[in-house]
Amino acid sequence: VIRQSVACLNKALCHLKDIWEEIGIPEDQRLERTNVVKNHVKSLLDMMIVEEESLRKRLMTSIEKCQKELRNLCLELQLPPFQDKSSTMLQQEKDLRMHVEVMLKEKNQRIQALKALTEQDQDLCDLLCFQPFSISADSVPSLEQLEKFRQHISSLTAEKERRHNEFVTLKKQIILCMDDLDQLPETSFEKDVVCEDEESFCLSKENIDSLKVLLHQLECRKAENERVCGSYREKIHELWERLQIPQEERDAICEHMTLSKTRNMQALQAEVGRLEELKLQNIQNVTEAIRNEIAVFWDKCFYSSDQRQAFVPFYDDDFSEELLSLHDAEIVRLKQYYEDHKDLFEGVHKWEESWRVFLELEEKAKDPSRFTNRGGNLLKEEKQRADLVKSLPKLEKKLKAEIEQWEHEQNREFQVNGQKFMQFVTDQWESYRLEKEREKQERQLKKSKQTEVDMVYGTVIRTPTKRRFLGSTTPCKARKLNGTSSTGTSNSTIRSVFGGTVCHSPLSRPPISACKVSARTPGHGKPPHQGLLERNKENICHLTGGVAGMTKVPASPQRNFSINSVASTYSEFQVNSSSSPTVWTKRARA
């Protein structure tokens, strides 16, 4: 390039020389002109050199400036120092300048993000009454700081939503309670809650707590109103029944018998006052109604006669307001006493009911007609009786533990009709045992008497037949048992007490251990034939001779049995039926 420049310059000077010679410019002028060309070229080159030097200086200055900015930006953005790998000054300046631009853009983005997050944080902190997030607004935040700030904003936003939902729920409940109480907002806080926009309400923890306190107060007042209204309604119903208020007057305030607002409470209070006045005007009728109610609770609480007589006003006929107030206080006390020990009293009632059913089943077990029932009632009764035999001791054990705890807490005895309950239970079982023992002795006595009669007059062996059930008119076919004597003449029968229906006995005579044969009453039956007495003298001699184990001789053609002659339980009846053929076979052989 230099050679070409020199050649171009020489060619230009030669061309100028030819032009000057052709023109005829003298030699001295040609030298001057040559010097002018030289000076001009030199000046031009010097100027170009100056310009290029200036460019080099600018590049160096730019590089230094970019490097300085890069160092500062790396420090502000908390990034590692920039490593320059350019080969030329121009490329280095270009790379540094572009990198500075990128880092400045990153700095501006972080600053804008910080500004936006700071504004959100300020709004949320003002709404929630929190302290702002601790971060410097003058410095460029790092990526980690911005991420923590965003998480903080997210948590504040979630807390705001939670508190807002809680506020909306509390506000609705407060409005409902105020409506039920017929109450308008009074304080500035209540007006802010009820009347102001939901978004403008400060959701601070103190305000939320104040809302909860306000709601609790309103609910307490509402509950108190409901309790008062409930007591008014209970009192109104009680006075309605005592005073026999007609239905038309009751319907007049039916709208106030369900709601518990202030106006309803006032209406109920007025009705109670009106009924109280009527009560004073009808003291005798009201007092007698209360006495009937007291008697009911005496029965529920198992009061003895001494306890009942202890309430002297119950027997006073001088009706007055003081007497009525004493009765009112007594019925309130009894109701409270019953409610406090309701479970225990109900347990005693349950035991009494079970005991009553048990005694009824025991009484039914003596009824012979239950064996002719086709509906399965016999098995049901036996199952029910077995269940009661198991459940009664368990219930008594449970009641005993509850009564002991009650006596320990009350420091007095629990009595039923003036007697300790467990002693009462023991007495009932003892009475039951004595009754069973008495019935057993009666059966043994009748058995011994029947044995004497049979040994004197003899017995008749009959062929058992199918039993005809009550109400049946179809005769049953006779059936002979194995080993039965053929000396029998007719089937023995049992005449039922139910309508006089005749049923054929399944055996010639039930076993003595399971039946009761009605003995002949002297003077009411046909006396035995004289010849028969003569023929039985031999039996009488054997009887007086003390011969043990003598078998009965059939003699009597027919015998009537009473109801008690049937087995007392189904199990005895079954055992007797299975054992009868063998017994009568032995008697026949004898």
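As the structure is a computational prediction, the values presented were derived from the model and not from experiment. (Residues numbered from 1 in each chain as written. Predicted model: local features only at pLDDT ≥ 70, side-chain atom pairs only at ≥ 80, totals over all residues. Heavy atoms only, no water.)

Along the protein, the regular secondary structure elements total 17 helices and four strands. Evaluated residue by residue, the protein yields a buried proportion of 30% over its 590 residues. When contacts within the protein are restricted to residue pairs at least 6 apart in sequence, long-range pairs at least 24 apart make up 74% of them. For the protein, the computed accessible surface area is about 38,000 Å², with 53% contributed by carbon and sulfur atoms. (Helix = DSSP H or I, 4+ residues; strand = E, 2+ residues; numbered from the N terminus. Buried < 20%, exposed > 50% of the residue type's maximum accessible area, 1.4 Å probe, protein only. Contact = heavy atoms within 4.5 Å. Areas by Shrake-Rupley, 256 points an atom, 1.4 Å probe, with all protein chains shown as cover.)

Since one α-helical turn is 3.6 residues long, residues separated by three or four positions face the same way. Taking 1.5 Å of rise per residue, the 40 residues of helix α3 (residues 89-128) would be expected to cover 58 Å, and the 57 Å separating its terminal C-alpha atoms lies within 8% of that figure. Between the side-chain oxygen at the start of α3 and the backbone nitrogen of Q91 there is a gap of 3.2 Å, and the oxygen is on T88. C129, located one to two residues past α3, shows a positive phi value of around 60 degrees. (Expected span 1.5 Å × (residues − 1). Polar contact = N/O pair within 3.5 Å; in protein donor to acceptor, adjacent residues only side chain to side chain.)

So, on to the packing of aromatic side chains. By convention here, two paired aromatic rings are described through the distance between centres and the angle between planes. The final tally for this structure, using the stated rule, is twelve aromatic pairs. When the ring of W351 is compared with that of W355, the centres are 5.5 Å apart and the planes differ by 5 degrees; the resulting orientation is stacked. Of this pair, W351 and W355 are both found in helix α12 (residues 342-364), four residues apart, which corresponds to roughly one turn of the helix. For W351, a relative accessible area of 0% gives the class buried. W355 sits in the buried class, given a relative accessible area of 5%. Here W429 and Y432 contribute two aromatic rings whose centre-to-centre distance is 6.0 Å and whose plane-to-plane angle is 85 degrees, an arrangement assigned as edge-to-face. Of the two residues, W429 and Y432 both sit in helix α14 (residues 421-457), three residues apart, roughly one turn of that helix. Taking relative accessible area as the criterion, W429 reaches 26% and is therefore assigned partly exposed. Above the ring of F297, the side-chain terminus of K300 is found at 5.0 Å from the ring centroid. (Phe/Tyr/Trp six-rings, centres within 6.5 Å; stacked < 30°, edge-to-face > 60°. Lys NZ or Arg CZ within 6 Å of the ring centre and 35° of its normal.)

Although it is not a glycine, Q78 sits at a positive phi angle of roughly 55 degrees. Phi is positive for C129, which is not a glycine, with a value near 60 degrees. With respect to the secondary-structure elements, C129 resides in the loop between α3 and α4 (143-180).

Turning our eyes to something else, we now look at the packing of helix α11 (residues 321-340) against α12. The geometry of α11 relative to α12 is characterised by a closest axis approach of 5 Å and an angle of 75 degrees between their N-to-C directions. Relative to α12, the element α11 is oriented roughly perpendicular. On α12, the residues that touch Y337, Y338, E339 and D340 of α11 are K342, F345 and E346. The class makeup of the residues in the contact of α11 with α12 is three nonpolar, no polar and four charged. (Axes fitted to C-alpha atoms, helices over the stretch in contact; angles between N-to-C directions. Parallel < 35°, antiparallel > 145°, perpendicular 65-115°, else oblique. Nonpolar A, V, L, I, M, F, W, Y, C, P; charged D, E, K, R; others polar.)

With respect to the helices, strands and loops of the structure, D121 is situated in helix α3. One buried charged side chain, D121, makes no salt bridge at all; its nearest oppositely charged neighbour is K160, positioned 13 Å away. One polar contact links D121 to H152, side chain to side chain, over a distance of 3.1 Å. Those residues within four positions of D121 in sequence are excluded, and the remaining contacts are P132, F133, F149, H152, I153 and L156. (Lys, Arg positive; Asp, Glu negative; His and termini not counted. Salt bridge = Lys/Arg side-chain N within 4 Å of Asp/Glu carboxyl O.)

What follows covers the nonpolar core. One finds I236, I294, W351, F414 and F421 to be the most contacted residues of the largest nonpolar core, which totals 49 residues. For this core, the secondary structure elements donating two or more residues are α6 (205-243), α8 (262-281), α9 (283-300), α11, α12, α13 (377-410) and α14. Ranked by the residues each element gives to this core, the list is headed by α12, at eight residues. What F421 contacts, discounting residues up to four positions off in sequence, is V348, W351, L399, I403, F414 and V416. Within the second largest apolar cluster, 26 residues are counted, among which are C125, I153, I174 and I208. (Core = buried A, V, L, I, M, F, W, Y, C linked by side-chain atoms within 4.5 Å.)

With 76% of its residues at a pLDDT of 70 or more, the protein shows a mean pLDDT of 74. In the predicted structure, residues 462-590 sits below a pLDDT of 50 and forms 190 contacts with residues beyond four places in sequence or in another chain. (pLDDT = per-residue confidence, 0-100.)

The end-to-end C-alpha separation of α4 is 55 Å, in line with the 56 Å expected for 38 residues at 1.5 Å each. D182 sits one or two positions beyond α4 and adopts a positive phi of about 55 degrees.

To continue, consider a nonpolar patch on the surface. Together, L44, L45, M47, M48 and I49 make up an exposed nonpolar region whose accessible area comes to about 470 Å². On the secondary structure map, M47 appears in helix α2 (residues 27-77). Owing to a relative accessible area of 45%, M47 belongs among the partly exposed residues under this scheme. (Patch = residues over 30% accessible without salt bridge, like charges linked within 9 Å, V, L, I, M, F, W, Y side chains within 5 Å.)

The next subject is the pattern of salt bridges. Within the structure shown, the criterion is met by 29 salt bridges. For the salt bridge of E330 with R333, the shortest nitrogen-to-oxygen distance reads 2.7 Å. With E330 and R333 both in helix α11 and three residues apart, the pair spans about one turn of that helix. Among the ionic contacts, a cluster of salt bridges with common partners joins E159, R162, R163, E166 and K212.

Bringing the environment of E206 into the picture now. Note on placement: E206 falls in helix α6. The exposure class of E206 is exposed, given its relative accessible area of 54%. Taking the C-alpha atoms as reference points, E206 and C129, separated by 77 residues in sequence, lie 9.2 Å from one another.

Here the focus is the packing of α6 against α8. Across the interface, α6 lies against α8 with an axial gap of 9 Å and an inter-helix angle of 30 degrees. Considering the angle they form, α6 stands roughly parallel to α8. The way α6 lies across α8 gives a crossing that is left-handed. Seen from α6, the contacting residues are N225, V228, C229, Y232, R233, K235, I236, L239, W240 and L243; seen from α8, they are T262, M265, L268, Q269, E271, V272, L275, E276, L278 and K279. When the residues that make up the contact of α6 with α8 are grouped by side-chain class, the tally is twelve nonpolar, three polar and five charged. (Left-handed = near helix turned anticlockwise from the far one by under 90°.)

A separate point is a negative patch on the surface. On the surface, E161, D192, E196, D197 and E199 cluster together into a patch of negative charge. As for its placement among the helices and strands, E199 is situated in the loop between α5 (188-194) and α6. (Charge placed at Lys NZ, Arg CZ, Asp CG, Glu CD.)

Along the chain, Q183 falls in the loop between α4 and α5. Setting aside residues no more than four positions away along its own chain, Q183 makes contact with M178, E190, L218 and R221.

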